Amino acid sequence: MERDRPIRTRPFVGVSEAAGRRLGDEEVAALARVIHSGQLNSTIGSETRTLEEEFADYYGIGHAVASSSGTAALHLAVAAVDPDPGDEIITTALSDAGTVLPILAQNAVPVFADVDPDSGNLCVGSVRAAITERTRAIIAVHLFGQPAPVAELRELADRHGLVLIEDCAQAYLTECAVGDARRWAGTVGHLGCFSLQQSKHITAGDGGLTISDDPELTRRARLFADKAWPRDTDERTHLFLGLNYRMTELQAAVARVQLTKLAAVVADRRRLAEPLDTVLDSLPGLTSGLRRGAAYWLYPVFVDAETVGADAREFAAALAAEGIPANGGYIQRPLYLTPLFTAPNTYGTSGYPLTARPVTPGASAQRYARGLCPTTEALIDGRLLVLAWNENYSPADIDDIADAVRSVHRRFAS
Ligand SMILES: Cc1ncc(COP(=O)(O)O)c(C=O)c1O
């Protein structure tokens, strides 16, 4: 039966407004403390260095290096690997551009492996098949906070002498199975990278953190973020090509408070997901994203169009018409189909390093064209639906989402 009113008429809280964030007087006090100190720069003040210590302790890891964004955190990691121009780094095309931009910025070549249809995370077999003599690293994204198969990828990386970088921008406190144990995403690979951008589990507006147990990788990452200026010596010199990716004391002060709220944010996102998981289990053709250990940055749903009678984009549009924030595909196209790769638009008119391939025997020459990663494309085109998710949703919000999902499912089935 057609209704004349959508199921939900009130807007949901979201990450772009105060009601959808856990920012309060504690963050204001931290900012005031920094401003009154007159020390806003991390080479002078102590907030950023303290945040690094606190974050490393929180994650039970040797080192953390703060930077200005999640993209910067990944750039630090890639720079720590120190690829030669034309070396290859294997990653996914189903992610934010921040995953691949640092590869190109270091004049290395992104090689795209395909993803698993049930999670959208890298498929280990596809990564294995993409390894060449020029491969230096793998960047695995824990998409939407679902655990990527990093234990298997770490084994693969170790066998081939590669560095595994975990992109945890969407994955705070995501739990990964490593044998019989469970480890947090970011601690299984050689380096883990986090974002403090506005929409993430915790935020300082922008900001990034790179963690590692490896002192050498950490030293390079830290130097890269600060013009490769070794401030622990008396020399004013520059040891290699680095940039200024320093976090400010203002960001660090906010991030330190946010870190104390992280466990509750993730726990609330998980708790709120439980009833929706149950509803989805009862609806043929809809599957919720892998649940064990997920951090629910967004809530992914995989849609089997044949069973449901609609693909993810149609289902998302119907949910949106019911007042539920939903998006089909997550991104509009795989990263390799953006003009950055197809033109390619990199450095002037050179197209470097993409046009320089293969520079040596053993390098791959991937064509950045439709068909490169069929599962990635199928997910974006019609199998992947994402629901906005928030730690401040109420049980009534979840009821509305569940009602709308059930109602839209029923309508397409009939
Ligand atoms: C998976 C992933 N990687 C990297 C980034 C880049 O982070 P930032 O926006 O903080 O630069 C993002 C941001 O959305 C992301 O979701």
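Please refer to the structure higher up on the page.
Described in the following lines is the structure provided in the data block. (Residues numbered from 1 in each chain as written. Predicted model: local features only at pLDDT ≥ 70, side-chain atom pairs only at ≥ 80, totals over all residues. Heavy atoms only, no water.)

## Brief notes about the environment of Leu379
Thinking step 1. You can see Leu379 is positioned in helix H12 (residues 374–383).
Thinking step 2. Residue Leu379 is classed as buried on the basis of its relative accessible area, which comes to 0%.
Thinking step 3. In this structure the C-alpha to C-alpha distance between Leu379 and Val303, which are 76 residues apart in sequence, comes to 8.9 Å.
Thinking step 4. Discounting chain neighbours no more than four positions away, the residues touching Leu379 are Leu94, Val115, Asp116, Pro117, Gly120, Phe302, Gly329 and Leu384. (Helix = DSSP H or I, 4+ residues; strand = E, 2+ residues; numbered from the N terminus. Buried < 20%, exposed > 50% of the residue type's maximum accessible area, 1.4 Å probe, protein only. Contact = heavy atoms within 4.5 Å.)

## Examining the sheet that holds strand E4 (residues 135–141)
Thinking step 1. The 7 strands lie next to each other as E1-E9-E8-E5-E4-E2-E3, forming an open sheet whose pairing is mixed. The open sheet has two free edges, formed respectively by strand E1 (63–67) and strand E3 (109–112), since each of these has just one partner strand. Between one strand axis and the next, the sheet turns by 25 degrees as a mean value, whatever way the strands run.
Thinking step 2. Examined bridge by bridge, strand E2 (residues 88–91) and E3 share 4 bridges and lie parallel to one another. Bridging across to E3, Ile90 finds its partner in Val111.
Thinking step 3. Strands E4 and strand E5 (163–167) of the sheet are contacted by helix H6 (residues 150–160), whose axis makes an angle of about 155 degrees with E5.
Thinking step 4. Each of E1, strand E8 (191–195) and strand E9 (208–212) is contacted by helix H7 (residues 215–224), which is oriented at about 15 degrees to E1, the strand it contacts most. (Pairing = 2+ DSSP bridges. Axes fitted to C-alpha atoms, helices over the stretch in contact; angles between N-to-C directions.)

## A short note on the packing of helix H2 (residues 47–59) against helix H8 (residues 249–281)
Thinking step 1. Two numbers describe how H2 lies on H8: the axes approach to 8 Å, and their chain directions differ by 25 degrees. Between H2 and H8, the interaxial angle falls into the category roughly parallel. Helix-helix and strand crossings are classified by hand; for H2 and H8 the assignment is left-handed. Residues Glu47, Thr48, Thr50, Leu51, Glu54, Phe55 and Tyr58 of H2 touch H8, and the partners they reach there are Glu249, Ala252, Ala253, Ala255, Arg256, Leu259, Leu262 and Ala263.
Thinking step 2. When grouped by side-chain class, the residues that make up the contact of H2 with H8 number 9 nonpolar, 2 polar and 4 charged. (Parallel < 35°, antiparallel > 145°, perpendicular 65-115°, else oblique. Left-handed = near helix turned anticlockwise from the far one by under 90°. Nonpolar A, V, L, I, M, F, W, Y, C, P; charged D, E, K, R; others polar.)

## Some remarks on the packing of aromatic side chains
Thinking step 1. Across all of its chains, the model carries 19 aromatic pairs by this definition.
Thinking step 2. Plain terms: the ring middles of Tyr172 and Phe194 are 5.2 Å apart, the flat faces sit at 40 degrees to each other, and that makes the pair tilted. Note that Tyr172 is positioned in the loop between E5 and strand E6 (175–178) and Phe194 in strand E8, a separation of 22 residues in sequence.
Thinking step 3. For Tyr172, a relative accessible area of 0% translates into the label buried.
Thinking step 4. Each ring, one from Trp389 and one from Tyr393, has its centre 5.5 Å from the other, and the planes form 75 degrees; the classification is edge-to-face. (Phe/Tyr/Trp six-rings, centres within 6.5 Å; stacked < 30°, edge-to-face > 60°.)

## Re the site of the ligand
Thinking step 1. Close to the ligand lie 15 residues; Gly70, Thr71, Asp167, Ser195 and Lys200 are nearest.
Thinking step 2. Between Thr99 and the ligand, the recorded distance is 3.4 Å, taken from a side-chain N or O atom to a nitrogen atom.
Thinking step 3. In this structure, an oxygen atom belonging to the ligand sits 2.7 Å away from a side-chain N or O atom of Lys200.
Thinking step 4. In terms of residue count, helix H3 (residues 70–81) provides more of the shell around the ligand than any other element does, 3 residues in total. (Near = heavy atom within 4 Å. Polar contact = N/O pair within 3.5 Å; in protein donor to acceptor, adjacent residues only side chain to side chain.)

## Some remarks on the sheet that holds strand E13 (residues 384–387)
Thinking step 1. Strand order in the open sheet made by the 4 strands is E10-E11-E13-E12, with antiparallel pairing throughout. In the strand order of this sheet, the two ends are held by strand E10 (286–288) and strand E12 (326–328), each with one partner. Strand-to-strand twist of the sheet, defined as the mean angle between neighbouring strand axes without regard to direction, takes the value 25 degrees.
Thinking step 2. Judged from the 4 bridges that link them, strand E11 (residues 299–303) and E13 form a sheet pairing that is antiparallel. By the bridge assignment for E13, Pro300 is matched with Val386.
Thinking step 3. Here H12 sits on the sheet and contacts E11 and E13; the angle it forms with E11, its principal contact strand, is near 95 degrees.

## Quick notes on the nonpolar core
Thinking step 1. Phe55 and Tyr172 are the most contacted members of the largest nonpolar core, which has 45 residues in total.
Thinking step 2. Contributions of two or more residues to this core are made by H2, E1, helix H5 (124–130), E4, H6, E9 and H8.
Thinking step 3. The dominant element in this core, judged by the number of residues it contributes, is H8, at 6 residues.
Thinking step 4. Excluding anything up to four places from it in sequence, Tyr172 contacts Phe55, Tyr59, Phe194, Ser195, Leu196, Lys200, His201, Ile202, Leu262, Val266 and Ala295.
Thinking step 5. Counting 31 residues, the second-largest nonpolar core is a separate cluster that includes Val303, Ala316, Ile324 and Trp389. (Core = buried A, V, L, I, M, F, W, Y, C linked by side-chain atoms within 4.5 Å.)

## Focus: the pairing of E2
Walk down a regular strand and you will see the side chains alternate between the two sheet faces.
Thinking step 1. Residues of E2 alternate between two faces, with Glu88 and Ile90 on one and Ile89 and Thr91 on the opposite face, all of them buried.
Thinking step 2. Here 3 bridges tie E2 to E4, and the two strands are oriented parallel to one another. The residue of E4 that forms the bridge with Ile90 is Ile138.

## Focus: the packing of H3 against H7
Thinking step 1. The N-to-C vectors of H3 and H7 enclose an angle of 125 degrees; their axes lie 8 Å apart at closest approach. In terms of their interaxial angle, H3 and H7 are classed as oblique. In this structure, H3 meets H7 at a crossing whose hand is right-handed. Where H3 approaches H7, its residues His75, Leu76, Ala79, Ala80 and Val81 are matched on the opposing element by Leu217, Arg220, Ala221 and Phe224.
Thinking step 2. Looking at the contact of H3 with H7, its residues break down into 7 nonpolar, 1 polar and 1 charged.

## Side note on the pattern of salt bridges
Thinking step 1. A complete count under the given rule lists 26 salt bridges for this structure.
Thinking step 2. For Glu26, the salt bridge is made with Lys261, and the minimal N-O distance between the two is 3.0 Å. Of this pair, Glu26 sits in helix H1 (residues 25–37) while Lys261 sits in helix H8, and the two are 235 residues apart along the sequence.
Thinking step 3. By relative accessible area, which is 43% here, Glu26 ends up partly exposed.
Thinking step 4. Owing to a relative accessible area of 18%, Lys261 belongs among the buried residues under this scheme.
Thinking step 5. A salt bridge links Arg220 to Asp82; the shortest N-O distance between them is 3.5 Å. Taken together, the residues span a long stretch of sequence, with Arg220 in helix H7 and Asp82 in the loop between H3 and E2 at a distance of 138 residues.
Thinking step 6. Overlapping salt bridges bring together Arg33, Glu47, Glu54 and Arg256 as one network. (Salt bridge = Lys/Arg side-chain N within 4 Å of Asp/Glu carboxyl O.)

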